[in-house]
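# Examining the three-dimensional arrangement
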Amino acid sequence: MQRWRGLEDIPQDWGRSVVTIGSYDGVHRGHQLIIRHAVDRARELGVPAVVVTFDPHPSEVVRPGSHPPLLAPHHRRAELMADLGVDAVLILPFTTEFSKLSPADFVVKVLVDKLHAKAVVEGPNFRFGHKAAGNVEFLSTQGKTYDFEVEIVDLYVTGEAGGGEPFSSTLTRRLVAEGDVGGAAEILGRPHRVEGVVVRGAQRGREMGFPTANVETLPHTAIPADGVYAGWLHAQGEAMPAAISVGTNPQFEGTERTVEAYAIDRVGLDLYGLHVAVDFLAFVRGQAKFETLDALLVQMAQDVEKCRELVAAEGAV
């Protein structure tokens, strides 16, 4: 799959394509309906399927300081889109200048001049251009002018997550923030993932017999609520069952929130400096401070056993 960082990266000889545009944070099951439709349509027409997305999130430029927690960094979104059959991802730098493009100018500069859209696939609530003035009706009108089809896909999906609310990135972020990683997984179609580089911490876990990978998460990452979780630690191409701790480590008067993963039953792992991923399968318990260090150690042993059982019941990822 090709990945372009800006309009200037698109090959000069790029031909017609089927395009879908959106933030697509998380590439959740609703997003997947739209992207799969775009890919299917592209195959029917014999042209590539392209996803257009933005960096940073448009809200950060329009309302500085409002950047939402991210469910997936761009490289992860690209991987998920590639799995769905997407041929190219265009990440447009969302600047103040770009935010002022009118809907009509956006259509010409992006869809017509650069991507030569033959069809554009969107959800019914798609908005674009300056002050989100463009909608699917306007896009359809432009399609008649510039010779591209516009196809609308209903991404309305519901389940148990959020008490039956329609699946969305906003709902997923809320569930993650509440520690409901099971609900988030239902929406995403896979466990919620946090990524980052393993850094040196206080190494208390090592001293207590539970050495953890202290993950320095990427900026704006959606991190689950404080507590203990079962899941997987992905490192060096391997998925290892893990007990994951999120929080400030109140037992030792900590103040900084961290994500730490203990690879269950693994000895001698050296992951310092490596980029790793942590998948959250299930919430085990909330963060707590214990009367004694011995009481904490007993609880940690119980946590690890519970996590081992939960991961074993789920099977491999």
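As the structure is a prediction and not an experimental result, all values here were calculated from the model.

The rules we used
Residues numbered from 1 in each chain as written. Predicted model: local features only at pLDDT ≥ 70, side-chain atom pairs only at ≥ 80, totals over all residues. Heavy atoms only, no water. Core = buried A, V, L, I, M, F, W, Y, C linked by side-chain atoms within 4.5 Å. Buried < 20%, exposed > 50% of the residue type's maximum accessible area, 1.4 Å probe, protein only. Helix = DSSP H or I, 4+ residues; strand = E, 2+ residues; numbered from the N terminus. Contact = heavy atoms within 4.5 Å. Pairing = 2+ DSSP bridges. Axes fitted to C-alpha atoms, helices over the stretch in contact; angles between N-to-C directions. Salt bridge = Lys/Arg side-chain N within 4 Å of Asp/Glu carboxyl O. Parallel < 35°, antiparallel > 145°, perpendicular 65-115°, else oblique. Left-handed = near helix turned anticlockwise from the far one by under 90°. Nonpolar A, V, L, I, M, F, W, Y, C, P; charged D, E, K, R; others polar. Domains from an automatic or database assignment. Buried area = accessible area lost by both parts, 1.4 Å probe. Polar contact = N/O pair within 3.5 Å; in protein donor to acceptor, adjacent residues only side chain to side chain. Phe/Tyr/Trp six-rings, centres within 6.5 Å; stacked < 30°, edge-to-face > 60°.

Of all hydrophobic cores here, the largest spans 27 residues; its most connected members are Leu111 and Leu115. Contributions of two or more residues to this core are made by β2 (17-21), β3 (49-55), β4 (88-93), α5 (103-112), β5 (117-122) and α6 (136-146). When neighbours within four sequence positions are excluded, Leu115 is seen to be in contact with Trp4, Ile10, Trp14, Gly15, Arg16, Ser17, Val19, Val50, Val52, Leu90 and Val110.

Below, the discussion takes up the sheet that holds β2. Sheet architecture is open: six strands sit in the order β1-β4-β3-β2-β5-β6, paired in parallel fashion. Each edge of the sheet is formed by a strand with only one pairing partner; in this case those strands are β1 (2-5) and β6 (149-152). Between one strand axis and the next, the sheet turns through 25° on average, direction left out of account. Two elements, β2 and β5, share three bridges in a ladder whose sense is parallel. If you follow Val19 over to β5, its bridge partner there is Val120.

Spatially, the six strands close up into a barrel ordered β7-β8-β11-β10-β9-β12, and their pairing is antiparallel. Pairwise comparison of adjacent strand axes, ignoring direction, gives a mean angle of 45° for this sheet. Relative to strand β12 (residues 275-286), strand β7 (residues 192-199) runs antiparallel, the two being bridged by six bridges. Among the inter-strand pairings, Arg193 is bridged to a residue of β12, identified as Asp279. The strands touched by helix α8 (residues 181-188) within the sheet are β7, β9 (227-235) and β12, with β12 carrying the most contacts at an inclination of about 130°.

A few words on the pattern of salt bridges. Per the stated rule, a full pass over the model turns up 17 salt bridges. Here Arg41 and Glu151 are joined by a salt bridge, their closest N and O atoms 2.6 Å apart. With Arg41 in helix α1 (residues 29-45) and Glu151 in strand β6, this residue pair connects regions lying 110 residues apart in the sequence. Look at Glu151 and you get buried, because its relative accessible area is 18%. Between Glu165 and Arg174 there is a salt bridge, with the nearest N and O atoms lying 2.9 Å from each other. The class for Glu165 is partly exposed, based on a relative accessible area of 32%. Classification of Arg174 as partly exposed rests on a relative accessible area of 37%. Put simply, Arg41, Glu44, Glu149 and Glu151 are held in one network by salt bridges that share partners.

Our focus in this paragraph is the packing of helix α7 (residues 169-178) against α8. Across the interface, α7 lies against α8 with an axial gap of 7 Å and an inter-helix angle of 155°. By the angle class used here, α7 and α8 are roughly antiparallel. As for the relative orientation of α7 and α8, their crossing is left-handed in sense. In this structure, α7 contributes Leu171, Thr172, Leu175 and Val176 to the contact, and α8 contributes Gly183, Ala184, Ile187 and Leu188. Of the residues in the contact of α7 with α8, the class split is six nonpolar, two polar and no charged.

In terms of domain boundaries, the protein chain breaks down into domain 1 (2-155) and domain 2 (192-315). A C-alpha centroid distance of 36 Å is found between domain 1 and domain 2. Among the residues of domain 1 in contact with domain 2, Leu70, Leu71 and Arg76 are the three that bury the most area, contributing 51% of the side total. Counting the contacts that link domain 1 with domain 2 gives zero salt bridges. Summed over the shared surface of domain 1 and domain 2, the result is three residue pairs in polar contact (both at pLDDT 80 or more). Residue composition of the side of domain 1 that touches domain 2, grouped by class: five nonpolar, two polar and one charged.

Here α5 crosses α6 at 50°, and the two axes come no closer than 11 Å. Regarding the angle of α5 to α6, the classification is oblique. The two elements α5 and α6 meet at a crossing, and its hand is right-handed. Taking contact as the criterion, the partners of Pro103, Ala104, Val107, Val108, Leu111 and Val112 in α5 are, on α6, Phe138, Leu139, Gln142 and Tyr146.

Structurally, the position occupied by Ser99 is in helix α4 (residues 96-99). When the C-alpha positions of Ser99 and Val62 are compared, they lie 7.5 Å apart, and in sequence the two are 37 residues distant. At a separation of 2.6 Å, a polar atom in the side chain of Ser99 contacts the main-chain carbonyl oxygen of Thr96.

Attention now goes to the packing of aromatic side chains. Enumeration over the complete set of coordinates arrives at 11 aromatic pairs. Between Tyr229 and Phe280, the ring centres sit 5.2 Å apart and the planes meet at 90°, which makes this aromatic pair edge-to-face. Of this pair, Tyr229 sits in strand β9 while Phe280 is found in strand β12, placing the two residues 51 residues apart along the sequence. The same class applies to Tyr229 as to Phe280, namely buried. Arranged with centres 5.4 Å apart and planes meeting at 75°, the rings of Tyr229 and Phe283 form a pair that is edge-to-face. With Tyr229 in strand β9 and Phe283 in strand β12, the pair connects residues that are 54 residues apart, well separated along the chain. Within the aromatic cluster, the residues linked to one another by ring pairs are Phe54, Phe94, Phe98, Phe106, Phe126, Phe128 and Phe138.

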